Amino acid sequence: MAVEKLSVSMPGVVVARARRAADRAGVPLSTWLAEAAEAAADLAEAQAAAQDYAEKFGEPDPAELDAIRADLAEAGVGAPESPADAAERAAALARLLGLPEERQAR
């Protein structure tokens, strides 16, 4: 993967929190920031897609939303993930992404 070096400015308190989070995750700050930016970009793209859908097809009615929420709950979406399942999922994803061994063991 190509890497681009850049300079960013952030409030000191945000930098300190990001450093602590990266330390807890056992990754370099730049890796933690890249992962956080990717997660934020994914969320922004999902929100844009939902807005585009609503503009094209209209907002779902409350009964549709209730049915969707029930289906998601039945499928376990939003339910807590066990630590073992989370570790297994993270390791599998790391292998799929070709991350180094030390990142796969998290």
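Each value, and the rule that gives it
- Counting restarts for each chain: residues are numbered from 1 in the order of the written sequence.
- Whole-chain, interface and lining totals are the exception, using all residues; otherwise, since this is a predicted model, local features are given only for residues with pLDDT of at least 70 and side-chain atom pairs are given and counted only at 80 or more.
- Values reported for side chains reflect all heavy atoms of the structure, with hydrogen atoms and water molecules removed beforehand.
- Candidates for patches are residues over 30% relative accessible area with no salt bridge; among them, like charges are joined within 9 Å and nonpolar side chains (Val, Leu, Ile, Met, Phe, Trp, Tyr) within 5 Å.
- What sets the accessible areas is the Shrake-Rupley method with a 1.4 Å probe; for residues, cover comes only from the shown protein chains.
- Salt bridge criterion: a side-chain nitrogen from Lys or Arg within 4 Å of a carboxyl oxygen from Asp or Glu.
- A run of H or I in DSSP becomes a helix once it reaches four residues, and a run of E becomes a strand once it reaches two; helices and strands are each numbered from the N terminus.
- Only protein chains enter the accessibility calculation, which uses a 1.4 Å probe; a residue is then buried when its area is under 20% of its type maximum, exposed when over 50%, and partly exposed in between.
- Here the expected length of a helix is defined as 1.5 Å per residue gap, with one fewer gap than residues.
- Taken from the helix axis, the directions to the C-beta atoms give the arc we talk about.
- Working convention: axes come from line fits to C-alpha atoms, limited for helices to the stretch in contact. Angles between N-to-C directions cover 0 to 180 degrees.
- Relative orientations are named as follows: roughly parallel for angles under 35 degrees, roughly antiparallel for angles over 145 degrees, roughly perpendicular for angles from 65 to 115 degrees, and oblique for any other angle.
- By definition, residues are in contact when any of their heavy atoms lie within 4.5 Å.
- Following the grouping adopted for this structure description, the nonpolar residues are Ala, Val, Leu, Ile, Met, Phe, Trp, Tyr, Cys and Pro, the charged ones are Asp, Glu, Lys and Arg, and the polar ones are all others, Gly among them.

Chemist: Can you help me understand a nonpolar patch on the surface in this one?
Modeler: Taken together, the side chains of Leu6, Val8, Met10, Val13 and Val14 present a nonpolar region at the surface, about 450 Å² in accessible area. Structurally, valine 14 can be placed in helix H1 (residues 12-25). The class of valine 14 is partly exposed, set by a relative accessible area of 35%.

Chemist: So what exactly am I meant to see when it comes to H1 here?
Modeler: In an α-helix there are 3.6 residues to a turn, and that puts residues three or four apart on one side. Along its 14 residues, H1 runs 20 Å from first to last C-alpha, staying within 8% of the 20 Å computed at 1.5 Å per residue. Where H1 is concerned, the buried positions are Ala18, Ala21 and Ala22. Buried residues of H1, viewed axially, fall in a sector of 100°; they line one side. Opposite the packed face of H1, turned more than 90 degrees from it, sit the exposed residues Gly12, Val13, Arg17, Asp23 and Arg24.

Chemist: Looking at this structure, I do not really get the packing of H1 against helix H2 (residues 29-57). What am I missing?
Modeler: Packed helices, taken two at a time, are described by their axes: the angle between them and the distance between them. Relative orientation of the contacting elements H1 and H2 amounts to 100°, with a least axis distance of 9 Å. By the angle between their directions, the pair H1 and H2 is classed as roughly perpendicular. Across the interface between the two elements, Ala18, Arg19, Ala21, Ala22 and Ala25 from H1 touch Leu29, Trp32 and Leu33 from H2. Taken together, the residues of the contact of H1 with H2 break down into 7 nonpolar, no polar and 1 charged.

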